[in-house]
Amino acid sequence: MRSIAWVLAALGFLIFAIYNWQPVELTLWQNLVLETKVPMLALIAFAAGFFPMWAYHRSIAWGLNRRIRTLENSLKQAALARANEAAAAKAAADESPVENAGNSGGQGPGPLAPVPPGSEGEGA
């Protein structure tokens, strides 16, 4: 869509240039006169208005993209920190000294370990 607009603008400028190809004198200072064609003067006027606004737009877009990247990185860091905290809490719960008493080195439960319900009276 943007390309179509630029092509139409270029075509319009070309038609304007063909019908207005006349020399004009532009007095810059008292003794400095610039003689140019009307389409060139129109092109310079367009560029003088377009390029500063385009540069301003690009600078705003660049700043906003920087802000978005910063926010995304801080969100990613917060998510990683939360995941690390959850992993550390799970590891701490798995390594509880009460639950692992007597189970080191592949040994079975000790003689004083609690008996799970439903297994009383079996095997002894």
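Residues numbered from 1 in each chain as written. Predicted model: local features only at pLDDT ≥ 70, side-chain atom pairs only at ≥ 80, totals over all residues. Heavy atoms only, no water.

### Re the environment of Ile-18
Phase 1 of the analysis: Take Ile-18: it is sitting in helix H1 (residues 2-19).
Phase 2 of the analysis: As for Ile-18 and Pro-39, which are separated by 21 residues in sequence, their C-alpha atoms are 8.5 Å apart. (Helix = DSSP H or I, 4+ residues; strand = E, 2+ residues; numbered from the N terminus.)

### What about the packing of aromatic side chains?
Phase 1 of the analysis: Applying the stated criterion across every chain, the model contains four aromatic pairs.
Phase 2 of the analysis: Between the aromatic rings of Trp-6 and Phe-50, the centroid separation amounts to 5.9 Å while the plane-to-plane angle is 85°, which identifies the pairing as edge-to-face. A residue pair is termed long-range when its members are at least 10 positions apart, and Trp-6 in helix H1 and Phe-50 in helix H2 (residues 38-94) qualify at 44 residues.
Phase 3 of the analysis: By relative accessible area, which is 45% here, Trp-6 ends up partly exposed.
Phase 4 of the analysis: On the numbers, 5.4 Å between centres and 70° between planes, the contact of Phe-50 with Phe-51 is edge-to-face.
Phase 5 of the analysis: The partly exposed category is assigned to Phe-50, whose relative accessible area is 28%.
Phase 6 of the analysis: Taking relative accessible area as the criterion, Phe-51 reaches 47% and is therefore assigned partly exposed.
Phase 7 of the analysis: Clustering of aromatic rings is evident, with ring pairs tying together Trp-6, Phe-46, Phe-50 and Phe-51. (Phe/Tyr/Trp six-rings, centres within 6.5 Å; stacked < 30°, edge-to-face > 60°. Buried < 20%, exposed > 50% of the residue type's maximum accessible area, 1.4 Å probe, protein only.)

### Focus: the side chain of Thr-36
Phase 1 of the analysis: Tracing the backbone through its elements, the reader meets Thr-36 in strand S2 (residues 32-37).
Phase 2 of the analysis: Filtering out sequence-adjacent residues up to four positions away, Thr-36 remains in contact with Gln-22, Pro-23, Val-24 and Leu-41. (Contact = heavy atoms within 4.5 Å.)

### Some thoughts on the confidence of the model for the chain
Phase 1 of the analysis: On average, the chain scores 86 in pLDDT, and the residues at 70 or more come to 80%.
Phase 2 of the analysis: For the chain, strand S1 (residues 23-29) is the element with the lowest average pLDDT, namely 91, and H1 is the one with the highest, namely 96. (pLDDT = per-residue confidence, 0-100.)

### Details of the packing of H1 against H2
Phase 1 of the analysis: With their axes 9 Å apart at the nearest point, H1 and H2 run at an angle of 145° to one another. The two elements H1 and H2 meet at a crossing, and its hand is right-handed. Facing Trp-6, Phe-13, Phe-16 and Ala-17 of H1, the residues of H2 in contact are Val-38, Pro-39, Ala-42, Leu-43, Phe-46 and Phe-50. (Axes fitted to C-alpha atoms, helices over the stretch in contact; angles between N-to-C directions. Left-handed = near helix turned anticlockwise from the far one by under 90°.)

### Examining the pairing of S1
Side-chain direction in a regular strand flips from residue to residue, so the side chains alternate between the two faces of the sheet.
Phase 1 of the analysis: When you tally the buried positions in S1, you get zero out of seven residues, a small fraction of the element.
Phase 2 of the analysis: Here S1 pairs with S2 via six bridges, running antiparallel. Its bridge partner being in S2, Val-24 is matched across the sheet by Thr-36.
Phase 3 of the analysis: Here S1 hands over to S2 after two residues, the two strands then running antiparallel side by side. (Pairing = 2+ DSSP bridges.)

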